[in-house]
Amino acid sequence: MSVQLPPATEPVPGPVPTGATEGRPAKARTSRLRLTVRRFARNRLALFGLFLLVLLFLGAYGGPFLTKWDYQQHDFMNFLSSPSGDHWWGTTQGGVDLFSLTMRGLQKSLIIGILVGVISTFLAATVGAFAAYFGGWTDRVLMWIVDLLLVMPSFLIIAVLSPAFRGATWLIFVVLLGAFSWMVTGRVVRSMTFTLKDREFVKAAKYMGVPAPVIIFRHILPSMASMLIIDTVIQVGAAVIGESSLSYFGFGVQAPDVSLGTVIADNTANASTYPWLFFFPAGCLVLIGVSISFVGDGLRDALDPNASGAKARSHRKRRQPKQRPATAAVPAQATAAGTRPAEPETPAGSQGAAS
């Protein structure tokens, strides 16, 4: 007795994607930068913070060109005048236009904040990565320095050293701020380097004879770039607040130059009687902190794929497809041959009952 097998049929080819027919991949690979920008653009608070930050920069560097007053020019006809068409934000006790003075202070505070943020993040990345990669005495010595700087009161040390450099360039003040604001991030980088230095790509570079500094700066640090970018943004905000605090107490930017801290400090005595002398420069300082905080949160969500803010949000409810009635299974041979299966016969009695 022989069993007759059904004839072999070739599978029906599925629909060919349009991109494949044109010699292109069906889905274009999205670069990481474009994906990060797309995730960042979904965060409305981050976009608002970026808009505020750009607006502050434009106001700081473009605002002085919109007014006829210089931040060192005195109007002897208007002392402590209220905001008007001639002086948009009023004048100080010496007759200086408050708008020009605040924009000049905003320039200095933003520049100091950016430089301190870059310097502190670079120090943290370098010290933390070298300590973990080499280990041994290198790790012990560098971590001893980190622990010593963490214990020392940085605010008091900068306040004591600042008068010694009075009359010198303000870049020394930037170096002092950057030297005391990197220790916590350095410890974080060290712990991440301990994990990354045992990865395959680092071991392969080491076996190929690549020098240790090249491995650190080309392979290890780029792997934690997202964390370093976020830390830089946070350090910029902290540096602006720290610089304004030191300048408020007279240990920061020295005359004849100004910053937001010096503007607030000079006008604090008249703030209760003439509130615009305090609200405008203090408002700029608050806007810097808020905008940098929003941008930092947006970068964290954009660079971290597991963050809730990085996931797409669908505002429209998807319609559920209508459930079709269950049908009998169609034989594969009939589908391949393109024939329609025969409908089951209905008994005569049932037809009469239906009629």
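Numbering of residues starts from 1 in each chain and follows the order in which that chain's sequence is written. Selection of residues for local features in this predicted model requires a pLDDT of at least 70, selection of side-chain atom pairs for listing and counting requires 80 or more, and totals for whole chains, interfaces and linings are taken over all residues. To get the side-chain values, all heavy atoms of the structure are used, and hydrogens and water are removed first.

Asks: Hey, could you run me through the environment of Val-263 in this one?
Replies: Along the chain, the position of Val-263 falls in helix H12 (residues 260-266). For Val-263, a relative accessible area of 1% translates into the label buried. Distance in space between the C-alpha atoms of Val-263 and Gly-105 is 7.1 Å, their sequence separation being 158 residues. Whether two residues are in contact is decided by their heavy atoms, any of which lying within 4.5 Å being enough. Residues in contact with Val-263, not counting those within four places in the same chain, are Leu-98, Leu-101, Thr-102, Val-258 and Pro-281. What counts as a helix is a DSSP run of H or I of at least four residues, what counts as a strand is a run of E of at least two, and both are numbered from the N terminus. Exposure is judged per residue with a 1.4 Å probe applied to protein chains only, and the accessible area is read against the type maximum: over 50% gives exposed, under 20% gives buried, and values in between give partly exposed.

Asks: Would you mind showing me how to read the packing of helix H2 (residues 32-42) against helix H3 (residues 44-62) here?
Replies: The geometry of a pair of packed helices is captured by two quantities: the angle between their axes and the separation between those axes. At their nearest, the axes of H2 and H3 sit 5 Å apart, and the two run at 95 degrees to each other. Between H2 and H3, the angle falls in the class roughly perpendicular. Only Arg-44, Ala-46, Leu-47 and Leu-50 of H3 make contact with H2, whose side of the interface consists of Phe-40, Ala-41 and Arg-42. Here the residues of the contact of H2 with H3 sort into five nonpolar, no polar and two charged. For helices, the axis comes from a line fit to the C-alpha atoms of the stretch in contact; other axes are also lines fit to C-alpha atoms, and the angle between any two N-to-C directions lies between 0 and 180 degrees. By the definition adopted for this analysis, an angle is roughly parallel if under 35 degrees, roughly antiparallel if over 145, roughly perpendicular if from 65 to 115, and oblique otherwise. Under the scheme applied, nonpolar residues are Ala, Val, Leu, Ile, Met, Phe, Trp, Tyr, Cys and Pro; charged residues are Asp, Glu, Lys and Arg; polar residues are all the others, including Gly.

Asks: Honestly, the packing of aromatic side chains in this entry has me stumped. Any pointers?
Replies: Where two aromatic rings form a pair, the distance of their centres and the angle of their planes describe that pair. Aromatic pairs are defined between Phe, Tyr and Trp rings, using the six-membered ring for Trp, whenever the two ring centres lie within 6.5 Å; interplanar angles under 30 degrees are classed as stacked, those over 60 as edge-to-face, and all others as tilted. For the structure on display, the rule yields eleven aromatic pairs. Ring geometry for Phe-57 and Tyr-61: centres 6.5 Å apart, planes at 5 degrees, overall stacked. Highlighted residues: Phe-57 and Tyr-61, both in helix H3, separated by four residues, approximately one helical turn. Using a relative accessible area of 27% as the deciding quantity, one classes Phe-57 as partly exposed. Every member of this aromatic cluster is reached through a ring pair, and the members are Trp-88, Trp-89, Phe-99 and Phe-280.

Asks: Help me understand a nonpolar patch on the surface, please; the structure alone is not making it clear to me.
Replies: Nonpolar side chains collect at one region of the surface, where Trp-137, Val-141, Trp-144, Ile-145, Leu-148 and Met-152 lie side by side and expose about 640 Å² of accessible area between them. Within the secondary structure, Val-141 sits in helix H5 (residues 136-151). In this structure Val-141 comes out as partly exposed when scored by relative accessible area, which is 44%. Residues enter patches when they are more than 30% accessible in relative terms and free of salt bridges; like-charged ones are connected within 9 Å and nonpolar ones (Val, Leu, Ile, Met, Phe, Trp, Tyr) within 5 Å. Areas reported here follow the Shrake-Rupley algorithm with a probe of radius 1.4 Å; residue values treat only the protein chains shown as occluding. Basic side-chain nitrogens of Lys or Arg form a salt bridge, by our definition, when they fall within 4 Å of a carboxyl oxygen of Asp or Glu.

Asks: Sorry, what's going on with H2 here?
Replies: Helical periodicity: at 3.6 residues per turn, an α-helix aligns residues three or four positions apart in one direction. Taken together, the buried positions of H2 are occupied by Thr-36, Arg-39 and Phe-40. Axial view of H2: buried residues confined to an arc of 100 degrees, hence all on one face. Residues of H2 that are buried in the fold lie against H3 and helix H13 (276-303). This arc is built from the directions going out from the helix axis to the C-beta atoms.

Asks: For this particular structure, what's the right way to read the packing of H3 against H13?
Replies: In the contact formed by H3 and H13, the axes pass within 7 Å of each other and the chain directions differ by 140 degrees. It follows from the interaxial angle that H3 and H13 lie oblique. The crossing of H3 and H13 is left-handed. Across from Leu-45, Ala-46, Phe-48, Gly-49, Leu-50, Leu-52, Leu-53 and Leu-56 in H3, the residues of H13 making contact are Leu-287, Ile-288, Ser-291, Ile-292, Phe-294, Val-295 and Gly-298. Partitioning the contact of H3 with H13 into residue classes produces twelve nonpolar, three polar and no charged. Two helices cross in a left-handed way if the nearer one is turned anticlockwise from the farther one by less than a right angle. They cross in a right-handed way if the turn is clockwise.

Asks: Before we go on, may I ask you to explain the confidence of the model for the protein in this structure?
Replies: Note: predicted coordinates in regions of low pLDDT should not be interpreted at a detailed level. A residue-level look at the protein finds 76% of positions with pLDDT of 70 or above and a mean pLDDT of 77. Predicted confidence is poor over residues 332-339, with pLDDT under 50, and the contacts of this stretch with residues over four places away or in other chains come to five contacts. Values of pLDDT, which run from 0 to 100, indicate the predictor's confidence residue by residue. Considering only residues more than four positions removed or in separate chains, one finds that residues 346-355, a stretch of pLDDT under 50, has one contact.

Asks: Sorry if this is basic, but what is going on with the nonpolar core here?
Replies: If you look at soluble globular proteins, the nonpolar side chains tend to sit buried side by side. The nonpolar core is taken to be a set of buried Ala, Val, Leu, Ile, Met, Phe, Trp, Tyr and Cys residues, with the residues joined through side-chain atoms within 4.5 Å. Grouped together as the largest cluster of nonpolar side chains are 37 residues, with contacts concentrated most on Ile-220, Leu-221 and Met-224. Breaking this core down by element, the ones donating at least two residues are helix H4 (98-134), H5, helix H6 (154-161), helix H7 (171-179), helix H8 (183-196), helix H9 (200-207), helix H10 (212-223) and helix H11 (225-248). Among the elements that make up this core, the one with the highest residue count is H4 (nine residues). What Ile-220 contacts, discounting residues up to four positions off in sequence, is Tyr-133, Thr-193, Leu-196, Val-202 and Ile-215. With 34 residues, the next largest nonpolar core counts Phe-40, Ala-46, Val-233 and Ile-288 among its residues.

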